[in-house]
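Residues per chain, in single letters:
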Amino acid sequence: MSAIGAANAINIRAGETVLVMPATGFFSSSVIVAAWGLGTNVVAVGRNKDSLDALIRHFGDDGKHITPIILTGDVTKDSSAIKAVTPGGKGADAYIDFSSPEMVGGKHIQASLL
């Protein structure tokens, strides 16, 4: 599925907050472009600070539309960090996940849904 197809499939709209995790892969970074182009605020989540920093630099974002969150592996802390950067602390309006099969058993999905 193309990035714009994924964005359209979940019916995201301008002004909404979209959680993309993991955010630094080929498909997920493409979805960031699509979601950003649709006027959403993107929360880009990953485990590697350097990779997230490089992603932000690549897009040249001014911090207004792409917010990076580094996962710690602690579901409660990760969920709190995600909520803290969303409007009203309510969490994201949509969630797009391009996890690889190696992520089976990972806690990122649980953290994004709490």
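That block above? That's the structure.
Conventions we followed
- Residues numbered from 1 in each chain as written.
- Predicted model: local features only at pLDDT ≥ 70, side-chain atom pairs only at ≥ 80, totals over all residues.
- Heavy atoms only, no water.
- Patch = residues over 30% accessible without salt bridge, like charges linked within 9 Å, V, L, I, M, F, W, Y side chains within 5 Å.
- Areas by Shrake-Rupley, 256 points an atom, 1.4 Å probe, with all protein chains shown as cover.
- Salt bridge = Lys/Arg side-chain N within 4 Å of Asp/Glu carboxyl O.
- Helix = DSSP H or I, 4+ residues; strand = E, 2+ residues; numbered from the N terminus.
- Buried < 20%, exposed > 50% of the residue type's maximum accessible area, 1.4 Å probe, protein only.
- Right-handed = clockwise from strand over helix to strand, strands pointing away.
- Pairing = 2+ DSSP bridges.
- Arc of directions from axis to C-beta.
- Contact = heavy atoms within 4.5 Å.
- Polar contact = N/O pair within 3.5 Å; in protein donor to acceptor, adjacent residues only side chain to side chain.

1. Notes on a nonpolar patch on the surface
At step 1: There is a patch of nonpolar side chains on the surface, built from F26, F27 and F98 and spanning about 350 Å² of accessible area.
At step 2: With respect to the helices and strands, the residue F98 is situated in the loop between β4 (94-97) and α5 (108-113).
At step 3: In this structure F98 comes out as partly exposed when scored by relative accessible area, which is 30%.

2. Some details on the pattern of salt bridges
At step 1: Inspection of the entire model under this criterion finds two salt bridges.
At step 2: One salt bridge connects K49 with D53, and the closest N-O pair in it is separated by 2.7 Å. Of this pair, K49 and D53 both sit in helix α3 (residues 49-59), four residues apart, which is roughly one turn of the helix.
At step 3: Here K49 falls in the partly exposed class, since its relative accessible area comes to 45%.
At step 4: Overall, D53 belongs to the partly exposed group, its relative accessible area being 25%.
At step 5: A salt bridge links D93 to K90, with the nearest nitrogen and oxygen atoms 2.8 Å apart.
At step 6: For D93, a relative accessible area of 38% translates into the label partly exposed.

3. Description of the pairing of strand β2 (residues 41-46)
At step 1: The element β2 is largely enclosed, with a buried count of five among its six residues.
At step 2: A crossover links strand β1 (residues 17-21) with its parallel partner β2, the connecting element being helix α2 (residues 26-37), and its sense is right-handed.
At step 3: Where β2 and strand β3 (residues 66-70) come together, five bridges link them in parallel fashion. Within the sheet, the bridge partner assigned to A44 lies in β3 and is P68.

4. Focus: the environment of D97
At step 1: Looking at where D97 falls in the secondary structure, it is placed in strand β4.
At step 2: Residue D97 is classed as partly exposed on the basis of its relative accessible area, which comes to 27%.
At step 3: Sequence separation of D97 and L19 is 78 residues, and the distance between their C-alpha atoms is 8.3 Å.

5. Remarks on α3
At step 1: Inspection of α3 places L52, L55, I56 and F59 among the buried residues, and these make up the whole buried set. What you see down the axis of α3 is that its buried residues fit within an arc of 95°, all on one side. Seen from the open side of α3, the exposed residues pointing more than 90 degrees away from its buried face are D50, R57 and H58.
At step 2: Of the surrounding elements, those touching the buried residues of α3 are α2, β2 and β3.
At step 3: The N-terminus of α3 is capped by N48, whose side-chain oxygen sits 2.9 Å from the backbone nitrogen of D50.
At step 4: Immediately downstream of α3, the backbone of G60 shows phi near 65°, a positive value.

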